Amino acid sequence: MTGALQRFLPLIVTTAVLVVGFLICAAQFPNFASWRVVANLLTDNAFLGITAVGMTFVILSGGIDLSVGAVIGFTTVLLAVLIEHGGWHPVPAFAVALIAAGGFGAAMGGVIHVFQMPPFIVTLAGMFIARGLGFVLTTDSVPINHPLYGELNDMALRFDFGLKLSLPALLMLGVVAAAVVLAHWTRFGANLYALGGNRQSAELMGVPVARTTVAVYALSGLLAGLAGIVFSLYTGAGYSLAATGVELDTITAVVIGGTQLTGGYGYVVGTFVGVLIQGLIQTYITFDGTLSSWWTKIAIGVLLFVFILLQKGLLTVWAGRGGEPAEA
Amino acid sequence: MTLSAPGPARNLPQYGALIAVLLANWLLFPDFFAIRLQDGRLFGSLIDVLNRGAPVALLAVGMTMVIATRGVDLSVGAVMAISGAIAATMTGAGWSLPAVLAASLAAGLLCGLWNGVLVAVLRIQPIIATLILMVAGRGIAQLVTEGQIVTFTSPALAFIGSGSFLTVPMPVVLTIVVLAVTALLVRATALGLMIEAVGVNRLSSAGAGVNTPVVLVAVYVWCGLCAAVAGLIVTADIRGADANNAGLWLELDAILAVVVGGTSLLGGRFGLVLSVVGALIIQAMNTGILLSGFKPEFNLIVKAGVLLVVLLLQSPTLTLFLPRPKGARPIGTVKPPVAPTSGGAKP
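Caption draft 1: Structural context of the overall build of chain A. Regarding its fold elements, chain A presents 14 helices and 4 strands. In terms of C-alpha radius of gyration, chain A reaches 20 Å, essentially the compact-globule figure of 20 Å for 328 residues. Oriented by its inertia axes, the alpha-carbon framework of chain A measures out at about 60 × 55 × 35 Å. Of all 328 residues assigned to chain A, the portion counted as buried reaches 50%. Relative to all contacts within chain A whose residues are 6 or more apart in sequence, the contacts with residues 24 or more apart total 78%.

Caption draft 2: The overall build of chain B, seen in detail. Across its full length, chain B carries 14 helices and 6 strands. The contacts in chain B between residues at least 6 apart in sequence include a share of 77% that link residues at least 24 apart.

Caption draft 3: Region of interest: helix α10 (residues 212-238) of chain B. Residues and elements named next belong to chain B. Here α10 contains 27 residues, and its C-alpha end-to-end distance of 39 Å stays within 8% of the 39 Å for a straight helix at 1.5 Å per residue. Among the 27 residues that make up α10, 23 are buried, leaving the element largely enclosed by the rest of the structure. Just downstream of α10 lies Arg239, where phi reads positive at about 50°.

Caption draft 4: Representation of the environment of Asp160 of chain A within the structure. Here Asp160 of chain A is to be found in the loop between β2 (156-158) and β3 (164-166). C-alpha of Asp160 of chain A to C-alpha of Gly301 of chain A: the two residues are 141 residues apart in sequence and 38 Å apart in space.

Caption draft 5: Up close: the interface of chain B and chain A. Counting from both sides, the interface comprises 34 residues of chain B and, opposite them, 36 residues of chain A. Those elements that provide at least two residues to the side of chain B that touches chain A are α5 (126-145), α11 (250-260), α13 (298-314) and α14 (316-319) of chain B. With 12 residues, α5 of chain B is the single largest residue contributor to the side of chain B that touches chain A. Taken together, the residues of the side of chain B that touches chain A break down into 24 nonpolar, 6 polar and 4 charged.

Caption draft 6: Main features of the environment of Thr89 of chain B. Residue and element names in this part refer to chain B. Mapping Thr89 onto the fold places it in helix α3 (residues 76-92). Note on Thr89: 22 C-beta atoms within 10 Å, which makes it buried. Separated by 11 residues in the primary sequence, Thr89 and Val100 have C-alpha atoms spaced 9.1 Å apart. In this view, Thr89 contacts Val144, Thr145 and Val150; residues no more than four positions away in its chain are not counted.

Caption draft 7: Representation of unusual backbone geometry. Residues and elements named next belong to chain B. Its identity as a non-glycine residue notwithstanding, Arg123 has a phi of 55°, on the positive side. Within the secondary structure layout, Arg123 lies in the loop between α4 (97-120) and α5. C-beta crowding within 10 Å serves as the criterion here: with 17 such atoms nearby, Arg123 is assigned to the partly exposed category.

Caption draft 8: Spotlight on the nonpolar core. Among the nonpolar cores identified, the biggest contains 218 residues, and Ile50 and Leu304 of chain A together with Leu59, Ala60, Ile82 and Cys226 of chain B are the most heavily contacted of them. With 19 residues, α10 of chain B is the single largest residue contributor to this core. Once residues within four sequence positions are removed from consideration, Leu59 of chain B is found in contact with Val76, Cys226, Ala227, Ala230, Leu250 and Ala254 of chain B.

Caption draft 9: Layout of the packing of helix α4 (residues 68-85) of chain A against helix α6 (residues 119-137) of chain A. Residues and elements named next belong to chain A. Look at α4 against α6: their axes get within 8 Å of each other, and the N-to-C directions meet at 25°. Of the possible angle classes, the one that applies to α4 and α6 is roughly parallel. In the packing of α4 onto α6, the handedness of the crossing is left-handed. Within the contact between the two elements, α4 uses Ala70, Val71, Gly73, Phe74, Val77, Leu78 and Val81 and α6 uses Met127, Ala130, Arg131, Leu133, Gly134 and Leu137. Each residue belonging to the contact of α4 with α6 can be placed in one class, and the counts come to 10 nonpolar, 2 polar and 1 charged.

Caption draft 10: Focus on helix α2 (residues 45-68) of chain B. Across its 24 residues, α2 of chain B extends 32 Å between first and last C-alpha, which sits within 8% of the 34 Å expected from 1.5 Å per residue. Along α2 of chain B, the sharpest kink reaches roughly 50°, centred on Ala54 of chain B and followed within four residues by the proline Pro55 of chain B.

Caption draft 11: Expanded view of the environment of Val277 of chain B. Residues and elements named next belong to chain B. Within the fold, Val277 resides in helix α12 (residues 272-291). Residues Val277 and Val260, spaced 17 residues apart in sequence, show a C-alpha to C-alpha distance of 8.5 Å. If near-sequence neighbours (up to four positions away) are discounted, Val277 is found in contact with Gln14, Tyr15, Leu18 and Gly261.

Caption draft 12: Looking closely at the confidence of the model for chain A. When pLDDT is averaged across chain A, the result is 88; 95% of the residues are at 70 or more. For residues 322-328 of chain A, every residue scores under 50 in pLDDT, and the model assigns this stretch 12 contacts once sequence neighbours within four places are set aside.

Caption draft 13: How the structure looks around the confidence of the model for chain B. Residue and element names in this part refer to chain B. Residues with a pLDDT of 70 or more make up 87% of chain B, whose mean pLDDT is 82. Within chain B, no element has a lower average pLDDT than α14, which sits at 63, and none a higher one than α4, at 94. When the criterion is pLDDT under 50, residues 1-6 qualifies, and its contacts beyond four places in sequence or with other chains add up to 23 contacts. Overall, residues 327-347 carries pLDDT values under 50, and its contacts beyond four positions in sequence, including any with other chains, amount to 36 contacts.

Conventions and cut-offs
Residues numbered from 1 in each chain as written. Chains lettered and ligands numbered in written order. Predicted model: local features only at pLDDT ≥ 70, side-chain atom pairs only at ≥ 80, totals over all residues. Helix = DSSP H or I, 4+ residues; strand = E, 2+ residues; numbered from the N terminus. Rg over C-alpha atoms; globule rule 2.2 N^0.38 Å. Buried ≥ 20, exposed ≤ 12 C-beta atoms within 10 Å, placed from the backbone. Contact = placed C-beta atoms within 7 Å. Expected span 1.5 Å × (residues − 1). Nonpolar A, V, L, I, M, F, W, Y, C, P; charged D, E, K, R; others polar. Core = buried A, V, L, I, M, F, W, Y, C linked by C-beta atoms within 7 Å. Axes fitted to C-alpha atoms, helices over the stretch in contact; angles between N-to-C directions. Parallel < 35°, antiparallel > 145°, perpendicular 65-115°, else oblique. Left-handed = near helix turned anticlockwise from the far one by under 90°. Bend = angle between axes of the 7 residues up to and from the residue. pLDDT = per-residue confidence, 0-100.

Next comes the structure, spelled out in structure tokens:
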């Protein structure tokens with residue numbers, strides 16, 4: 001196995017699963033292989049994809065962020081309250097929501113770094129706080145009726161061959177593209193991989209650990225805020241219980257995408273493919289019509305298991321070749 | 001033999017916090033400590049705290065030992081849903097109580113075994129290993145109930161949730177029994193020491209002759225069993241199983257209870273009783289917020305506040321600046337050269 005193939009193998013396998021899965025669906029349902037299905041797959045999973053990009057960065061740095069679902073919920077409520085109760089124009093409301101979500105993430109990153117607390121538990125507290133703040137604003141589901149919401153929902157990029165990309169789908173694709181650049185062609189990206197690979201070595205090499213930690217959680221919060229905006233566009237409402245469990249879906253997407261939860265290894269593109277695989281399973285079950293929704297959960301659980309085993313297998317092979325010992 | 005590992009001074013914050021929360025409840029609600037006997041069962045706000053806190057306390061008992069091995073079990077909520085779904089479905093189909101109980105507990109045992117094998121044999125990171133069952137488990141529970149909310153009328157099973165033994169509600173009795181059995185298992189034998197050793201350093205403890213895979217599998221199996229008992233209580237209490245919502249997010253409450261109880265997420269020494277105290281603190285706060293007429297919406301924020309304060313007190317950075325009792329070490333920073341349970345747990 002050559003070095004490049006070895007490095008990209010998890011990514012290749014994940015992509016192959018997506019392609020094979022899509023082909024199976026297309027063979028079974030004649031209407032499946034259409035641009036409409038592809039466009040819906042992208043639109044329906046846009047908020048998940050945007051959040052998962054932030055989660056990938058956090059996990060690459062060796063951390064985890066359990067607060068993202070709650071931040072999405074809080075953002076939708078904040079937007080609904082500002083626009084409907086406060087009479088704000090959506091654009092400044094978007095700005096305030098993004099600043100709030102990014103600031104929230106930065107605060108968590110700061111606590112994690114300064115007090116050397118496990119990210120798992122700090123972001124768990126963050127999850128409680130964000131959900132709680134949403135509840136305090138309002139426990140009702142508030143519909144957003146601003147005309148701009150209708151206009152934004154009608155916006156789409158149409159291609160001649162029949163593909164119609166909605167604004168959420170475009171936003172997700174843009175975020176993924178920007179994230180690939182950020183991860184692989186910037187100093188921040190290099191710092192991130194170094195930090196996740198080995199914190200002590202990174203510190204000794206002169207990686208600004210404090211700044212990188214705070215930045216990565218701020219970025220995750222910011223992207224969760226953006227996902228909240230997309231979610232409020234998608235549902236046309238703000239609800240404090242929105243997007244419960246999204247933190248798990250995103251972590252699952254990251255793992256299926258081949259990123260290692262111990263940090264330091266993985267690709268943003270893999271996460272994007274992982275999100276699409278989850279979406280594909282859901283679409284398949286919708287198309288089938290006779291399968292019950294719980295098969296989604298079981299199928300995703302099985303996929304998760306298979307991909308983890310695959311990663312373990314690869315790590316063991318590498319360790320046998322004198323690489324890093326495979327302790328995960 | 002003490003049930004909680006180190007010296008009594010370290011337990012003071014937890015007991016103090018519990019007493020403070022209870023006193024605060026009493027100030028808000030003068031009848032808080034009033035207990036009356038009615039139809040052969042105790043009633044009162046204090047009993048209510050114990051009764052409602054029982055499922056999380058049970059989860060916390062199992063979770064404590066998992067966390068002591070430097071792991072975490074995210075699947076306990078889903079395991080509760082599976083065990084409850086099996087109990088309700090089998091009771092509805094006319095099975096006898098012993099068969100129902102055996103099947104539910106066996107399901108919990110199997111779930112724990114699955115988690116344990118993933119962590120101990122395949123050496124998968126605990127968060128991820130148990131994430132699989134957390135995601136798939138609720139699907140399995142829905143498979144059992146076929147997506148319905150299954151209800152039953154059997155008074156025998158319902159007794160576990162709403163009955164009483166010697167005037168004490170059954171959930172409380174069961175929690176005390178499980179806590180006592182667990183404490184006996186880990187503190188009267190060397191098992192507790194081995195669990196702590198694995199948590200402090202898996203490689204070294206294996207080198208010292210601890211059979212780490214067996215210890216790890218045992219810990220996850222026990223956690224699965226505790227979750228199954230909690231699932232039985234919840235199902236018996238509402239006389240039905242809701243695969244979607246039974247035990248939802250309780251894994252987080254259980255982890256919170258363990259952390260509030262002072263067991264470090266970095267593994268090592270643990271306190272079973274303190275974790276139960278942690279669960280009671282959380283429940284007493286919930287009850288207090290409800291009694292005080294505050295909106296229940298504040299519940300989560302208060303919970304997060306308590307969590308942060310406890311974490312800050314345990315933080316290595318902060319403890320460096322605080323006066324520290326003689327011999328105590330900042331939790332999780334310095335690996336003690338001697339066995340981690342210097343204060344107690346002598347077999």
